[in-house]
Amino acid sequence: QVQLVESGGGLVQPGGSLRLSCAASGITFSIAPMDWYRQAPGKQRELVARISIGGSTNYGDPVKDRFTISRENAKNTVYLQMNTLKPEDTAVYYCHTIRRGVNYWGQGTQVTVSS
């Protein structure tokens, strides 16, 4: 059974930083592409960042040059380092992967950027 468990969310002031973690189980992590999505109230879920099995990365335009996705295969974990946070980054952040055509999501972690 595939499980994705996010952690690291919280309340941070504008300009601050957070690092999210997503621990995966039930999959061969080293061959799983991993993504971070986010969903703000009243908005559609959007792709934040993606990392391939080879380590190539892609980012959504709103977070380019501020967020960094990385993976640590030995720990079955993917990270999202978020710097220079803005109020518009406030959302629930979800970890995602796809295996054999099936989408798997974590439960989400809340990130709130506010003074």
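A. Representation of the overall build of the protein in the model. From N to C terminus, the protein includes zero helices and 11 strands. Computed over C-alpha atoms, the radius of gyration of the protein comes to 13 Å, within 12% of the 13 Å expected from 2.2 N^0.38 for 115 residues, which places it in the range of a compact globule. Projecting the C-alpha coordinates of the protein onto the three principal axes gives extents of approximately 40 × 25 × 20 Å. Sorting the 115 residues of the protein into buried and exposed places 40% on the buried side.

B. Looking closely at the pattern of salt bridges. Inspection of the entire model under this criterion finds six salt bridges. One salt bridge connects Arg38 with Asp89, and the closest N-O pair in it is separated by 2.9 Å. Residue Arg38 is found in strand β4 (residues 34–39), and its partner Asp89 is found in the loop between β8 (77–82) and β9 (91–99); the two are separated by 51 residues along the sequence. Note on accessibility: Arg38 and Asp89 belong to one class, buried. The network of salt bridges with common partners includes Arg38, Glu46, Arg66 and Asp89.

C. Highlighting unusual backbone geometry. In this structure, Asp65 is a non-glycine residue whose phi angle is positive, near 75°. Residue placement: Asp65 occurs in the loop between β6 (57–59) and β7 (67–72). The class for Asp65 is exposed, based on a relative accessible area of 83%.

D. Molecular detail of the state of the cysteines. In the structure shown here, the tally under the stated rule is one disulfide. Cys22 shares a disulfide with Cys95; S-S distance 2.1 Å. Sign of the S-S torsion, about -85° for the bond between Cys22 and Cys95, identifies this disulfide as left-handed. With a gap of 73 residues between them, Cys22 in strand β3 (residues 18–25) and Cys95 in strand β9 connect regions that are remote in the sequence. On the accessibility criterion, Cys22 (0% relative accessible area) is buried.

E. Quick peek at the sheet that holds β3. Strand order in the open sheet made by the four strands is β1-β3-β8-β7, with antiparallel pairing throughout. On the outer flanks of this sheet lie β1 (3–7) and β7, each paired with one strand and no other. Neighbour-to-neighbour, the strand axes of the sheet open up by a mean angle of 15°, direction not taken into account. One ladder, built from five bridges, connects β1 with β3; its direction is antiparallel. By the bridge assignment for β3, Val5 is matched with Ala23.

Quick notes on the rules
Residues numbered from 1 in each chain as written. Predicted model: local features only at pLDDT ≥ 70, side-chain atom pairs only at ≥ 80, totals over all residues. Heavy atoms only, no water. Helix = DSSP H or I, 4+ residues; strand = E, 2+ residues; numbered from the N terminus. Rg over C-alpha atoms; globule rule 2.2 N^0.38 Å. Buried < 20%, exposed > 50% of the residue type's maximum accessible area, 1.4 Å probe, protein only. Salt bridge = Lys/Arg side-chain N within 4 Å of Asp/Glu carboxyl O. Disulfide = S-S within 2.5 Å. Pairing = 2+ DSSP bridges. Axes fitted to C-alpha atoms, helices over the stretch in contact; angles between N-to-C directions.

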